[in-house]
Amino acid sequence: MKNTQKRHIVKSISWRFFGSLDTFLLSFLIIDDVNISLKITLLETISKTIFYYFHERFWFNSSVKNSKTRHFIKPFTWRLVAILDTLLISSVLFNDIKLGFQLSLYEVFTKIILYYIHDKLWYQSKFGLINEK
């Protein structure tokens, strides 16, 4: 099975939609400021879409093909990249590193669960895959 870049682009966009919604809701619960929550969400939408695309490319070419191992490890590697992004952006926009850590910590739990579900659905999908003959 060969993948197309279209698959990774669409997968990145679909994940970012759900990830951004989660970020907005969590940041709004922490700071109770729609403007700051929207700014965090917008910046993360841009940065994480780019990071996610490269994360997908890495994992598609990875030697880890066992589905159980892959689905266990992959969300954690993404979370590591994403938590650093969230921490940096939210600490600057909250103007408080403690609130940045708080948002990052909450996202560890919510995003791993959301990511696992999203990735399992995409793993089963044939969208953007080409049969090599």
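Residues numbered from 1 in each chain as written. Predicted model: local features only at pLDDT ≥ 70, side-chain atom pairs only at ≥ 80, totals over all residues. Heavy atoms only, no water.

**Student:** Sorry, what's going on with a nonpolar patch on the surface here?
**Tutor:** There is a patch of nonpolar side chains on the surface, built from Leu42, Ile46, Ile50, Phe51, Phe54 and Val81 and spanning about 580 Å² of accessible area. Here the element with the most residues in the nonpolar patch is helix α2 (residues 34–60); it accounts for five residues. Within the fold, Phe51 resides in helix α2. (Patch = residues over 30% accessible without salt bridge, like charges linked within 9 Å, V, L, I, M, F, W, Y side chains within 5 Å. Areas by Shrake-Rupley, 256 points an atom, 1.4 Å probe, with all protein chains shown as cover. Salt bridge = Lys/Arg side-chain N within 4 Å of Asp/Glu carboxyl O. Helix = DSSP H or I, 4+ residues; strand = E, 2+ residues; numbered from the N terminus.)

**Student:** I'm lost on the nonpolar core in this one. Help?
**Tutor:** Across soluble globular proteins, nonpolar side chains have a tendency to be buried as a group. Formed by Leu26, Ile30, Ile36, Ile40, Ile89, Phe94, Leu99 and Leu103, the largest nonpolar core amounts to eight residues. Elements that contribute at least two residues to this core include exactly α1 (5–31), α2, α3 (67–94) and α4 (97–124). Sequence-distant contacts of Ile40, that is, excluding residues within four places in its chain, are made with Thr23, Ser27, Ile89, Ser90, Leu93, Phe94 and Leu103. (Core = buried A, V, L, I, M, F, W, Y, C linked by side-chain atoms within 4.5 Å. Buried < 20%, exposed > 50% of the residue type's maximum accessible area, 1.4 Å probe, protein only. Contact = heavy atoms within 4.5 Å.)

**Student:** Sorry if this is basic, but what is going on with the pattern of salt bridges here?
**Tutor:** For side chains bearing opposite charge, pairing can occur when the charged atoms are close. Summed over all chains, the structure comprises ten salt bridges. Between Glu107 and Lys111 there is a salt bridge whose closest N-O contact spans 3.0 Å. Here the residue Glu107 and the residue Lys111 both occupy positions in helix α4, the gap between them amounting to four residues, near one helical turn. Assigned by exposure class, Glu107 and Lys111 land together as buried. Because the salt bridges share partners, they merge into one network encompassing Asp22, Glu44, Lys48, Arg79, Asp85, Glu107 and Lys111.

**Student:** Please explain the packing of α1 against α2 as it appears in this structure.
**Tutor:** Contact geometry of α1 with α2 gives a least axis separation of 8 Å together with a crossing angle of 145°. The element α1 and its partner α2 pack so that their crossing is right-handed. Taken together, the residues of the contact of α1 with α2 break down into twelve nonpolar, ten polar and six charged. (Axes fitted to C-alpha atoms, helices over the stretch in contact; angles between N-to-C directions. Left-handed = near helix turned anticlockwise from the far one by under 90°. Nonpolar A, V, L, I, M, F, W, Y, C, P; charged D, E, K, R; others polar.)

**Student:** Sorry, what's going on with the confidence of the model for the protein chain here?
**Tutor:** When pLDDT drops low, the exact placement of atoms in the prediction is not to be read closely. Per-residue confidence for the protein chain gives a mean pLDDT of 88, with 97% of residues at or over 70. Looking at the elements of the protein chain, mean pLDDT is at its lowest for strand β1 (residues 2–3), recorded as 68, and at its highest for α4, recorded as 91. (pLDDT = per-residue confidence, 0-100.)

**Student:** Please explain the packing of aromatic side chains as it appears in this structure.
**Tutor:** Each aromatic ring pair is summarised here by two numbers: the centre-to-centre distance and the angle between the ring planes. Counted under the stated rule, the structure contains ten aromatic pairs. Measuring from centroid to centroid gives 5.3 Å for Trp15 and Tyr115, while their planes differ by 85°, and the two rings are edge-to-face. Of this pair, Trp15 sits in helix α1 while Tyr115 is found in helix α4, placing the two residues 100 residues apart along the sequence. Trp15 gets classed as buried once you look at its relative accessible area, which sits at 1%. With centroids separated by 5.9 Å and ring planes inclined at 75°, the aromatic side chains of Tyr52 and Tyr115 adopt a geometry described as edge-to-face. In this pair, Tyr52 sits in helix α2 while Tyr115 sits in helix α4, placing the two residues 63 residues apart along the sequence. Here Tyr52 falls in the buried class, since its relative accessible area comes to 0%. Of the residues examined, Tyr115 reaches a relative accessible area of 1% and is grouped as buried. What links up through ring pairs into an aromatic cluster is the set Trp15, Tyr52, Trp78 and Tyr115. (Phe/Tyr/Trp six-rings, centres within 6.5 Å; stacked < 30°, edge-to-face > 60°.)

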